[in-house]
Amino acid sequence: MASTSKDYFGLDRIVSLVLVIIPITSLICGVLTRVKEGHYLAAILRVLVGWNIIWIADIVLMILNGRILRIL
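Residues numbered from 1 in each chain as written. Predicted model: local features only at pLDDT ≥ 70, side-chain atom pairs only at ≥ 80, totals over all residues. Heavy atoms only, no water.

Caption draft 1: Here's a closer look at the overall build of the chain. Looking only at helices and strands, one finds four helices and zero strands in the chain. Going residue by residue from the N terminus, the α and β elements of the chain occur as α-α-α-α. Computed over its C-alpha atoms, the radius of gyration of the chain comes to 11 Å, within 12% of the 11 Å expected for a compact globule of 72 residues. Looking at the chain as a whole, 28% of its 72 residues are labelled buried. Total accessible area on the chain stands at roughly 4,400 Å², and carbon and sulfur atoms take up 76% of it. (Helix = DSSP H or I, 4+ residues; strand = E, 2+ residues; numbered from the N terminus. Rg over C-alpha atoms; globule rule 2.2 N^0.38 Å. Buried < 20%, exposed > 50% of the residue type's maximum accessible area, 1.4 Å probe, protein only. Areas by Shrake-Rupley, 256 points an atom, 1.4 Å probe, with all protein chains shown as cover.)

Caption draft 2: Local environment of empty space enclosed by the protein. Here the structure, examined in full by the defined rule, presents one cavity of 30 Å³ or more. Approximately 50 Å³ is the volume attributed to the largest cavity. Contributing to the lining of the largest cavity are Ser 26, Leu 27, Arg 46, Trp 51, Ile 54, Trp 55 and Asp 58. Mapped onto the lining of the largest cavity, the elements with two or more residues apiece are α2 (23–36) and α4 (51–65). It is α4 that provides the largest number of residues to the lining of the largest cavity, a total of four residues. (1 Å grid on protein atoms, 1.4 Å probe; cavity = no way out; pocket = protein on both sides within 12 Å on 5 of 7 lines; lining within 4 Å. Points joined across faces, edges and corners; volume = space filled by probe spheres on them.)

Caption draft 3: Inspection of a nonpolar patch on the surface at higher detail. Together, Phe 9, Leu 11, Ile 14, Val 15, Val 18, Ile 21, Ile 22, Ile 24, Ile 28 and Leu 32 give the surface a local cluster of nonpolar side chains, amounting to about 860 Å² of exposed area. Counting only elements with at least two residues in the nonpolar patch, the list comes to α1 (13–21) and α2. If one sorts the elements of the nonpolar patch by residue count, α1 sits on top with four residues. Locating Val 18 in the fold gives a position in helix α1. By relative accessible area, which is 47% here, Val 18 ends up partly exposed. (Patch = residues over 30% accessible without salt bridge, like charges linked within 9 Å, V, L, I, M, F, W, Y side chains within 5 Å. Salt bridge = Lys/Arg side-chain N within 4 Å of Asp/Glu carboxyl O.)

Caption draft 4: Up close: the environment of Ser 26. With respect to the helices and strands, the residue Ser 26 is situated in helix α2. Apart from the residues lying within four places of it in its own chain, the contact partners of Ser 26 are Tyr 8, Leu 19, Val 20, Trp 55 and Asp 58. (Contact = heavy atoms within 4.5 Å.)

Here you go:
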């Protein structure tokens, strides 16, 4: 996938926004997105280190620019 594509598997921005609003789908899609990019440490950090804070940041960033938070 090209680096200019949107997050959550290249889905439309509205679909990605719906997915990010639901906490469990946000966690799963965020982890899968980071694993797909090859950033395994970032995926582990999403699960272990305050994923609820990352969830809120993902919502804000998805609304503003259509991308999730990049920890690493």
